[in-house]
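Per-entry structural report
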Amino acid sequence: MTGHEYAFILLALIGTVAALRVVTARNVVHAALYLVVTLASAGGAYLLLAAEFVAWVQILIYVGAIVILFLFGLMLTKAPIGREALDNQRRGAAIVVALAILAGLIFLIQDAFSWDGPKIEPRTGGAAAVGESIFSRYVLPFEVVSFLLLAALIGAIVLSRRDDLT
Amino acid sequence: MIRLPIVLLFSAALFSIGVYGVLARRNGVLVLMSIELMLNAVNINLVAFSQALGSLAGQVFALFVIAVAAAEVGIGLAIVILIYRNRETINIDEVNLLKW
């Protein structure tokens, strides 16, 4: 156990508890704010894994843009408060399915790697290396993603425009 | 030096919490939030394996996943707001016109 590992476990615990609060909170705005904590702890995990560029993109796009979009969505729709209004009737079945998936994943992880398995060396992950990789080897997927963003932009405008404004 | 299984465990926990949220929530916006939790779990795995294998491909694809997630949230919230405008509710178990 190294200092890095203790820091990562602390971040993982914070992120997991906040994620649990996201799916159990009785107030939708609280759920969005707990989502900020989870996303920020994932960003911290990227920093500890030395993936600097992905970490800052995570903070900028997820915490900066996506959570704001969620808050706008919550403000534009009527958000009731209380467990019955936010959860459906099949909570027990959902718990069973989620625990089964967790157990299956844990089994697969300990089957594939022993618990003191491969160590992650801090390798390169800075903006220069990632940018060079995107714009040389992965330039075609990059263009596809930009086209997808354009399509999503036009789609969102078409969907949310009122029809009587022709 | 972080051991790989610890990172994978964090990601597995986030993923199953997201599955629970998608199955148990009935508010459309909260379902979208749970989907974001699952996408984040995938991203953590991609970055962890990218660093463990010494290849940048995982980080590049994590960036692509973030971009696709942003597009998905934009479209998803537009649909939710459209449903709210038409039906006065965003409870996805009441939007069952196509169910049978």
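One can find the structure itself at the top, above this paragraph.
What you are looking at is a predicted structure, and each value in this text was computed from that prediction instead of being measured.

Residues and elements named next belong to chain A. It is at 8 Å that the axes of helix H1 (residues 3-24) and helix H2 (residues 28-48) come closest, and there the two elements cross at 160 degrees. Here H2 runs roughly antiparallel to H1, going by the angle between their axes. When the axes of H1 and H2 are compared, the crossing they make is left-handed. From H1, His4, Ala7, Phe8, Leu11, Ala12, Ile14, Gly15, Ala18, Ala19, Arg21 and Val22 reach across to H2, where they touch Ala31, Tyr34, Leu35, Val37, Thr38, Ser41, Ala42, Gly44, Ala45 and Leu48. Grouping the amino acids of the contact of H1 with H2 by side-chain chemistry returns 15 nonpolar, 5 polar and 1 charged.

By secondary structure assignment, the location of Gly74 of chain B is in helix H3 (residues 57-87). With residues near it in sequence (within four places) discarded, Gly74 of chain B still touches Leu69, Ala152 and Ala156 of chain A.

To continue, consider the nonpolar core. One recurring pattern in soluble globular proteins: nonpolar side chains tend to sit buried together. If you look at the biggest cluster of nonpolar residues, it comprises 71 residues, and the most contacted ones within it are Val22 of chain A together with Met33 of chain B. At the level of secondary structure, the elements contributing two or more residues to this core comprise H1, H2 and helix H3 (52-76) of chain A together with helix H1 (4-24), helix H2 (28-53) and H3 of chain B. When residues of this core are assigned to their parent elements, the largest contribution, 16 residues, is made by H1 of chain B. Look past the residues within four positions of Val22 of chain A in its chain and what remains in contact with it is Ala31, Tyr34, Leu35 and Thr38 of chain A together with Gly21, Met33 and Leu37 of chain B.

Bringing the packing of H2 of chain B against H3 of chain B into the picture now. Residues and elements named next belong to chain B. Direction vectors running N to C along H2 and H3 enclose 175 degrees, while the axes themselves pass 9 Å from each other. Taken together, the axis directions place H2 and H3 in an arrangement best described as roughly antiparallel. By residue class, the composition of the contact of H2 with H3 is 17 nonpolar, 6 polar and 1 charged.

What counts and how
- Residues numbered from 1 in each chain as written.
- Chains lettered and ligands numbered in written order.
- Predicted model: local features only at pLDDT ≥ 70, side-chain atom pairs only at ≥ 80, totals over all residues.
- Axes fitted to C-alpha atoms, helices over the stretch in contact; angles between N-to-C directions.
- Helix = DSSP H or I, 4+ residues; strand = E, 2+ residues; numbered from the N terminus.
- Parallel < 35°, antiparallel > 145°, perpendicular 65-115°, else oblique.
- Left-handed = near helix turned anticlockwise from the far one by under 90°.
- Contact = placed C-beta atoms within 7 Å.
- Nonpolar A, V, L, I, M, F, W, Y, C, P; charged D, E, K, R; others polar.
- Core = buried A, V, L, I, M, F, W, Y, C linked by C-beta atoms within 7 Å.
- Buried ≥ 20, exposed ≤ 12 C-beta atoms within 10 Å, placed from the backbone.

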